[in-house]
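Now for the letters of each chain:
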Amino acid sequence: MRILFYTGKGGVGKTSVAAATALRCAQRGYRTIVLSTDAAHSLGDSLGVELRAEPMQVQTNLWAQEINALYELEASWGNVQQYLSELLAWQGVETIAQGELSVVPGTEELFSLLQIKRHYDEGKFDVLVVDAAPTGETLRLLSLPDIMRWWIARLMPVARALLKVVRPVVRRVTDMPIVEDDVLNTAQEAIDALVDVRRILTDQNVCSARVVMNLEKMVIREAQRSLTYLSLFGYGVDAVVVNRILPENVDRHFAAWREMQQGYAPHVEELFNPLPIFKAPHFPREIIGSVLLEQLGEQLYGDRDPSEFFYRGPLQRLERTVNGFDLIVPLPFVAEDQVHLAQSADELIISVGWHRHRVVLPQSLARMRANDAFFEEETLRVVFTR
Ligand SMILES: Nc1ncnc2c1ncn2[C@@H]1O[C@H](COP(=O)(O)OP(=O)(O)OP(=O)(O)O)[C@@H](O)[C@H]1O
Ligand SMILES: [Mg+2]
């Protein structure tokens, strides 16, 4: 199965682009499913169909699904949450606050991603297109189960053994809710499943993330940040999509907007190099229904197959060292004496000849200094220390 994961800032056109892409894949003969993991669904509106929590066929070769995040959360994490609520109640936290406190922000969408694993395991579809919630917070959250699992593997046997001895005693001396085996089992199963989801989404022979943006300063910056995080967490990114480009013949009112967009356009080419950029114009009306979605797909991909791997290769990664981190940036076709580095507040500027590559640094790196850099086998290694 091929997975295409569309992410980007709020309102840039993720849902429209995801739906248009899915439609195009279906028309090329792939059995395709497009699913929305954003709790504020608009996929159905975009397709002009009322969708449900289960896959529904909307056209030949095309299925769509709006995942019910709360249901997924309840099914995969319900008794863990129940236990946390009891624990909070025991500590005197009000009932209304319990529900809020026992959910880590972003958890809901996280469990929605389990549907990806379901479709992957069932193997009924050739292409799965994901319309994700803004900013891709969830993908960052998805990197946590690795850590959680590490703890569970080490603590669980100890906890179980200990509980066997301690539980009867604790019951006699306090009414504190004690964690039961089934809660521990649920936690373990959910985390195992999430680790599987992460493995599927970081498999660069299966999944590509694509960042959708518009030609506006803050949107471009957010896109850069997403790109940094995605590649640092090991997700493959194979393209960026620039949506809503104003056409040449706009009226006076939009002339300044168009000029501004045109000013950013070459910048974007440079910033996201070597990723290919797919472009779509600003349509004269909102994009609803298959006719307009088809036009959007045509504008974006022309005769290219949207399920292709448009780019393969690592973008950048982070390695922990004794004193900090090494940032590793592949720079093919580049010689060492062409490379210059500069660090501003939260950016590392890598100049290669005429090209400038800006890496928006994750918070943990922005607080460190880039002290040294090496160039080996077409790869730049920047040494950050505290
Ligand atoms: N190229 C375009 N031209 C004109 N209208 C567009 C274009 N792309 C998207 N739209 C419209 O803009 C609105 C927002 O688009 P969409 O819902 O796809 O964005 P989104 O990134 O998914 O938003 P959210 O972050 O809220 O999920 C919709 O009404 C859509 O029809
Ligand atoms: Mg959307």
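A short tour of the structure in this document, coming up. (Residues numbered from 1 in each chain as written. Chains lettered and ligands numbered in written order. Predicted model: local features only at pLDDT ≥ 70, side-chain atom pairs only at ≥ 80, totals over all residues.)

## What to know about the overall build of the chain
Helix and strand counts for the chain come out as 13 helices and 15 strands. If you take every contact in the chain between residues at least 6 apart in sequence, the share linking residues at least 24 apart comes to 71%. (Helix = DSSP H or I, 4+ residues; strand = E, 2+ residues; numbered from the N terminus. Contact = placed C-beta atoms within 7 Å.)

## Quick notes on the sheet that holds strand E9 (residues 317-320)
Strand order across the open sheet formed by 4 strands is E9-E10-E15-E14, with antiparallel pairing between neighbours. Where the open sheet ends on each side, the last strands, each with one partner, are E9 and strand E14 (369-376). Each strand axis lies, on average, 25° off the axis of its neighbour in the sheet, ignoring direction. For strand E10 (residues 324-330) and strand E15 (residues 379-385), the ladder comprises 7 bridges, and the chain directions are antiparallel. Across the sheet, Val329 pairs through a bridge with Leu380, a residue of E15. (Pairing = 2+ DSSP bridges. Axes fitted to C-alpha atoms, helices over the stretch in contact; angles between N-to-C directions.)

## Some words on the sheet that holds strand E4 (residues 62-66)
Hydrogen bonding along the main chain pairs the strands of a sheet, whether they run parallel or antiparallel. Strand order in the open sheet formed by 8 strands is E3-E4-E2-E5-E1-E6-E7-E8, with mixed pairing between adjacent strands. The open sheet has two edge strands with one neighbour each: strand E3 (56-59) and strand E8 (277-281). When the angles between neighbouring strand axes are averaged without regard to direction, this sheet yields 25°. In this structure, strand E2 (residues 32-36) lies alongside E4, joined through 5 bridges in parallel fashion. Paired with Leu35 across the two strands is Gln65, which belongs to E4. Packed onto the sheet, helix H1 (residues 14-27) meets strand E1 (2-8), E2, E3, E4, strand E5 (127-131), strand E6 (207-213) and strand E7 (237-245) and runs at close to 170° relative to E5.

## Here we look at the pairing of E15
Only one face of E15 is buried: it carries Leu380, Val382 and Phe384, and the other face, with Thr379, Arg381, Val383 and Thr385, is open. In the sheet, E14 pairs with E15 via 7 bridges, with the strands oriented antiparallel. What sits directly across from Arg369, in E15, is Thr385. The turn joining E14 and E15, which pair antiparallel and follow one another in sequence, is formed by 2 residues; a positive phi near 45° is taken by Glu377. (Buried ≥ 20, exposed ≤ 12 C-beta atoms within 10 Å, placed from the backbone.)

## Quick notes on the nonpolar core
Judged by nonpolar contacts, the single largest core of 76 residues is most densely connected at Phe5, Ala19, Ala22, Val34, Ala64, Val130 and Met213. Counting residues per element, this core draws most heavily on H1, at 8 residues. If we ignore the near neighbours within four places in the chain, the residues touching Ala19 are Val34, Leu43, Ser46, Leu47 and Leu293. (Core = buried A, V, L, I, M, F, W, Y, C linked by C-beta atoms within 7 Å.)

## Regarding the site of ligand 1
In the vicinity of ligand 1, 17 residues are found, and the nearest of them are Gly13, Thr15, Ser16, Phe283 and Glu286. Looking at the shell around ligand 1, the elements that each hand over two or more residues are H1 and E7. The biggest single contributor to the shell around ligand 1 is H1, with 3 residues. Its residues assigned to classes, the shell around ligand 1 comprises 5 nonpolar, 8 polar and 4 charged. (Near = placed C-beta within 6 Å. Nonpolar A, V, L, I, M, F, W, Y, C, P; charged D, E, K, R; others polar.)

## Notes on H1
In this model, H1 (14 residues) spans 20 Å end to end at C-alpha, consistent with the 20 Å of a helix rising 1.5 Å per residue. Of all 14 residues making up H1, 13 are buried, and the element is well covered by its neighbours. Of the residues flanking the end of H1, it is Gly29, one or two places downstream, whose phi is positive at about 100°. (Expected span 1.5 Å × (residues − 1).)

## Comments concerning the packing of H1 against helix H12 (residues 290-301)
Each pair of packed helices can be summarised by the angle the axes make with each other and by the distance between the axes. Two elements in contact, H1 and H12, have axes separated by 8 Å at closest approach and are oriented at 85°. Put simply, H1 runs roughly perpendicular to H12. Contact with H1, carried on its side by Ser16, Val17, Ala19, Ala20, Thr21, Leu23 and Arg24, involves Ser290, Leu293, Glu294, Leu296, Gly297, Leu300 and Tyr301 of H12 and no other residues of that element. A per-class count over the contact of H1 with H12 returns 8 nonpolar, 4 polar and 2 charged. (Parallel < 35°, antiparallel > 145°, perpendicular 65-115°, else oblique.)

## Remarks on the packing of helix H6 (residues 114-122) against helix H9 (residues 181-201)
Running from amino to carboxyl end, H6 crosses H9 at an angle of 70°, the nearest separation of the two axes being 9 Å. If you check the angle between H6 and H9, you find them roughly perpendicular. Between H6 and H9 the crossing geometry is left-handed. Contact residues: H6 offers Leu114, Ile116, Lys117 and Tyr120, while H9 offers Ala193, Asp196, Val197 and Ile200. Each residue belonging to the contact of H6 with H9 can be placed in one class, and the counts come to 6 nonpolar, no polar and 2 charged. (Left-handed = near helix turned anticlockwise from the far one by under 90°.)

## What about the environment of Leu70?
With respect to the helices and strands, the residue Leu70 is situated in helix H3 (residues 69-90). In this structure, the C-alpha to C-alpha distance between Leu70 and Ala39, residues 31 residues apart in sequence, is 8.7 Å.

## Section: the environment of Thr186
Along the chain, the position of Thr186 falls in helix H9. Classification of Thr186 as buried rests on a count of 20 C-beta atoms within 10 Å. Residues Thr186 and Asn79, 107 residues apart in the sequence, show an inter-C-alpha distance of 7.3 Å.

## Here we look at unusual backbone geometry
In this model, Asn273 is joined to Pro274 through a cis peptide bond whose omega is 10°. Its place among the elements puts Pro274 in the loop between helix H11 (252-272) and E8. The phi dihedral of Asn61 is positive, around 65°, even though this residue is not glycine. Its location among the elements puts Asn61 in the loop between E3 and E4. The backbone of Arg244 sits at a positive phi, close to 60°, despite the residue not being glycine. Here Arg244 shows up in strand E7. Overall, the presence of 20 C-beta atoms within 10 Å leaves Arg244 in the buried class.

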